[in-house]
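As a plain string of letters, each chain reads:
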Amino acid sequence: MGAMGEAFTQLLIPVAALVGIGFALLQWLLVSKVKVSADSDLNNGYSDRLIEEEEEGIDHEDVAAKCAEIQNAISVGATSFLFTEYRYLTIFMGVFGAIIFLFLGSVKGFSTKSEPCTYNTGSLCKPALANALFSTIAFLLGATTSVLSGFLGMKIATYANARTTLEARKGVGKAFIVAFRSGAVMGFLLAASGLLVLYVSIHLFSLYYGDDWEGLYESITGYGLGGSSMALFGRVGGGIYTKAADVGADLVGKVERNIPEDDPRNPAVIADNVGDNVGDIAGMGSDLFGSYAESSCAALFVASISSFGISHDYTAMSYPLIISSVGIVVCLGTTLFATDFVEIKNVSEIEPSLKRQLVISTVLMTAGIAIVSFFALPSEFTLFNFGSTKTVKNWHLFFCVSIGLWAGLVIGYTTEYYTSNAYSPVQDVADSCRTGAATNVIFGLALGYKSVIIPIFAIAIAIYVSFSMAAMYGIAVAALGMLSTIATGLAIDAYGPISDNAGGIAEMAGMSHKIRQRTDALDAAGNTTAAIGKGFAIGSAALVSLALFGAFVSRAGIETVDVLTPKVFIGLIVGAMLPYWFSAMTMKSVGSAALKMVEEVRRQFNTIPGLMEGRAKPDYATCVKISTDASLREMIPPGALVMLTPLIAGTLFGVETLAGVLAGSLVSGVQVTLATLEYH
């Protein structure tokens, strides 16, 4: 037994989650003090002389009213899209939940009799029908939490965008704090609610399962599946929406009509700003929640069939949840560095401040992991290792979690190096534009492929060290280590789209060039740090996928995955092809949706008299509808490809071929996603 008692663990996890939710609500309250109304300056206690930027010939009340109007249009568009998307996903949740129940229940012919345990031999476990029912409930809980995470993130982002714009009149520091605090609301709500729902679910399930921890934590894995399946559709649907709007707005507006980005005369400008919220906020929120839920569930399941679970050591069993709890507390302290302890005075300090968040949270979290590892874990214990057991010491797990955490930092900084305009890779790509689009595309592709090297080595080292020290459990907690600072990572990530929207609102509201320069500086830093967030998501997904692959191989009773076996090898080849098939489907969807958007924007410019002169208003709603309809229609085939492939491969060709498919898609998918991230 570790030095940390069960009663303390039972208290620590929910208190940390509730503190995270409370901190998120406090940040939201502070953001809400910035009023978006015609008398916002009066409500904020600022007179015109206190606003740094004297905008000649511009009525401040008129600007605030325009900001409120634009903010409302973006919010309505994003909410409408998500509600429509969630109606589709509710049907999917019901159908897939039924499939899970039928597949798991039919394993033992829907038996209601207790079965001998698979791993804890000599003991009786709950019947297969109960496992099927509770796995389905966990799936629905995970899916619902994932959807809520994305939706709440979108609501706070659309709430904060105009407030960031208005604060930019008082200086770049004030605007930065509003944008970052808003991102922190999303980060802490997601991290804390994900932890709390998982903790409560385990306790409610235990009322039925009692001492059958093997069955309890196996059924809890449905929580991770629910989170990641919603993330898949949220990412695909949101991604198609945002890219179709972005391409349509830029091709016609900037290239053909030579008007600025986010110009109010562009019919696709509202759809473009809505896309930032449904793709980069709601999609990313669901995505990172999915990875977090999967890594927690994978670690809990492996622990349940190891000495922790067999000896019913609750504190050691809850090690993954304690890590997440400490992460929330660490991120809370880290956030205060950006919003309260250090003041941003000029544009050049924005990006260093955001990068400092990653370093501070990583260093503090390393200390937190050391404390948890030595107090929550026994000094020596055994872990399940593909049918055998592996003796592990508590400091081994400290290294496993820490290497995942620091690998995340390496991936983040590498991503930043390849995507920031401050460094030579992006400068080389920019320089290649002198000779036309062809050389630009060649340089961009080369840069994208090259950028894969360091992150892959970081992931490979993390896998080798964590597996050598603690088998599959080590890989699962390494993924959790990478996601332990998820609150800070998401705050940085959500900051980007909020700043992007703020710049768009400043342009559409007719604010001065100086204000637009400030919002552009916030946006430029946000674009780079958003790429860092995506790097974390990819790295953690790779580790989580490997941990889940190990759990699948163990559960399916496969002793070795032999690539020289024809069944496995054809699975590998097909699996490696799947990310390209998936990418082809999504890219084609974006292309066809963008084509419709371009045609509609051209039509409006050609047929609405006085649109270019600013005397007439464009029809924003039609462009929003084009993106919405296209994304909802086109997200289903790629999603079905991912969800149905394992079912078909396993049912028709057996578990060996399915193991090959999963391994091939994991290896191939990591390379493709990293390369395309840096290229973008």
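Whatever comes next refers back to the structure up there.
As the structure is a prediction and not an experimental result, all values here were calculated from the model. (Residues numbered from 1 in each chain as written. Predicted model: local features only at pLDDT ≥ 70, side-chain atom pairs only at ≥ 80, totals over all residues. Heavy atoms only, no water.)

A. Examining the overall build of the chain more closely. When helices and strands are counted, the chain shows 21 helices and four strands. Counting the 680 residues in the chain, one finds 58% classified as buried. Long-range contacts, defined here as pairs at least 24 residues apart, represent 83% of the contacts in the chain between residues at least 6 apart. If you sum the accessible surface of the chain, you get close to 26300 Å²; carbon and sulfur atoms cover 66% of it. (Helix = DSSP H or I, 4+ residues; strand = E, 2+ residues; numbered from the N terminus. Buried < 20%, exposed > 50% of the residue type's maximum accessible area, 1.4 Å probe, protein only. Contact = heavy atoms within 4.5 Å. Areas by Shrake-Rupley, 256 points an atom, 1.4 Å probe, with all protein chains shown as cover.)

B. Examining the pattern of salt bridges more closely. Following the criterion strictly, the structure yields 15 salt bridges and no others. Put simply, Arg603 and Glu600 hold a salt bridge, and the shortest N to O gap is 2.8 Å. Of the two residues, Arg603 and Glu600 both sit in helix α18 (residues 566-607), three residues apart, roughly one turn of that helix. When salt bridges with common partners are traced through the structure, they connect Asp262, Glu507, Arg516 and Asp520 into a single cluster. (Salt bridge = Lys/Arg side-chain N within 4 Å of Asp/Glu carboxyl O.)

C. Region of the structure containing a nonpolar patch on the surface. Taken together, the side chains of Ile371, Phe374, Phe375, Trp395 and Phe399 make up a nonpolar region of the molecular surface, amounting to roughly 510 Å² of accessible area. Of all the secondary-structure elements, those providing two or more residues to the nonpolar patch are α11 (350-376) and α12 (394-419). With three residues, α11 is the single largest residue contributor to the nonpolar patch. Tracing the sequence through the fold places Trp395 in helix α12. Owing to a relative accessible area of 36%, Trp395 belongs among the partly exposed residues under this scheme. (Patch = residues over 30% accessible without salt bridge, like charges linked within 9 Å, V, L, I, M, F, W, Y side chains within 5 Å.)

D. Representation of the side chain of Ser135 in the model. By the secondary structure assignment, Ser135 is in helix α4 (residues 128-167). Judged by its relative accessible area of 8%, Ser135 is buried. If we skip the residues at most four places from it in the chain, Ser135 touches Ile100, Leu104, Glu218, Ser219 and Gly222.

E. Up close: helix α1 (residues 6-32). The end-to-end C-alpha separation of α1 is 40 Å, in line with the 39 Å expected for 27 residues at 1.5 Å each. Taken as a whole, α1 has its buried residues at Thr9, Ile13, Pro14, Ala16, Ala17, Gly20, Phe23, Ala24, Gln27, Val31 and Ser32. Where α1 is buried, its residues meet α4, α5 (172-209), α9 (314-317) and α10 (319-341). (Expected span 1.5 Å × (residues − 1).)

F. A look at the packing of aromatic side chains. Taken as a whole and assessed by the stated rule, the structure comprises 22 aromatic pairs. Arranged with centres 5.9 Å apart and planes meeting at 15 degrees, the rings of Phe176 and Phe180 form a pair that is stacked. You can see Phe176 and its partner Phe180 sitting in helix α5, four residues apart, about one turn around the helix. The buried category is assigned to Phe176, whose relative accessible area is 0%. In this structure Phe180 comes out as buried when scored by relative accessible area, which is 0%. (Phe/Tyr/Trp six-rings, centres within 6.5 Å; stacked < 30°, edge-to-face > 60°.)

G. Representation of the environment of Val15 within the structure. With respect to the helices and strands, the residue Val15 is situated in helix α1. Sequence-wise, Val15 and Ser325 are 310 residues apart; in three dimensions their C-alpha atoms are separated by 8.5 Å.

H. Here's a closer look at the side chain of Ser499. By the element assignment, Ser499 lies in helix α16 (residues 486-508). A polar contact of 3.0 Å, which involves the side chain of Ser499, links it to the backbone oxygen of Tyr495. Beyond its immediate sequence surroundings of up to four residues, Ser499 is in contact with Ala179, Thr519, Leu522 and Asp523. (Polar contact = N/O pair within 3.5 Å; in protein donor to acceptor, adjacent residues only side chain to side chain.)

I. Local environment of the environment of Glu613. Mapping Glu613 onto the fold places it in the loop between α18 and α19 (620-634). Glu613 sits in the exposed class, given a relative accessible area of 54%. A sequence separation of 129 residues divides Glu613 from Ser484, and the C-alpha atoms of the two residues are 52 Å apart.

J. Structural view of α19. Over its 15 residues, α19 runs 22 Å from end to end, which matches the ideal 21 Å to within 8%, given 1.5 Å per residue. Taken residue by residue, α19 has Tyr620, Cys623, Val624, Ile626, Ser627, Thr628, Ala630, Ser631 and Leu632 as its buried positions. Its side-chain oxygen 3.4 Å from the backbone nitrogen of Ala621, Asp619 forms the N-cap of α19.

K. A look at unusual backbone geometry. For Asn258, which is not a glycine, the phi torsion comes out positive at approximately 55 degrees. Looking at the element boundaries, Asn258 is found in the loop between α6 (213-256) and α7 (269-304). Note on Asn258: relative accessible area 67%, which makes it exposed. Although it is not a glycine, Ala471 sits at a positive phi angle of roughly 55 degrees. For Ala471, the location among the structural elements is in helix α15 (residues 453-482).

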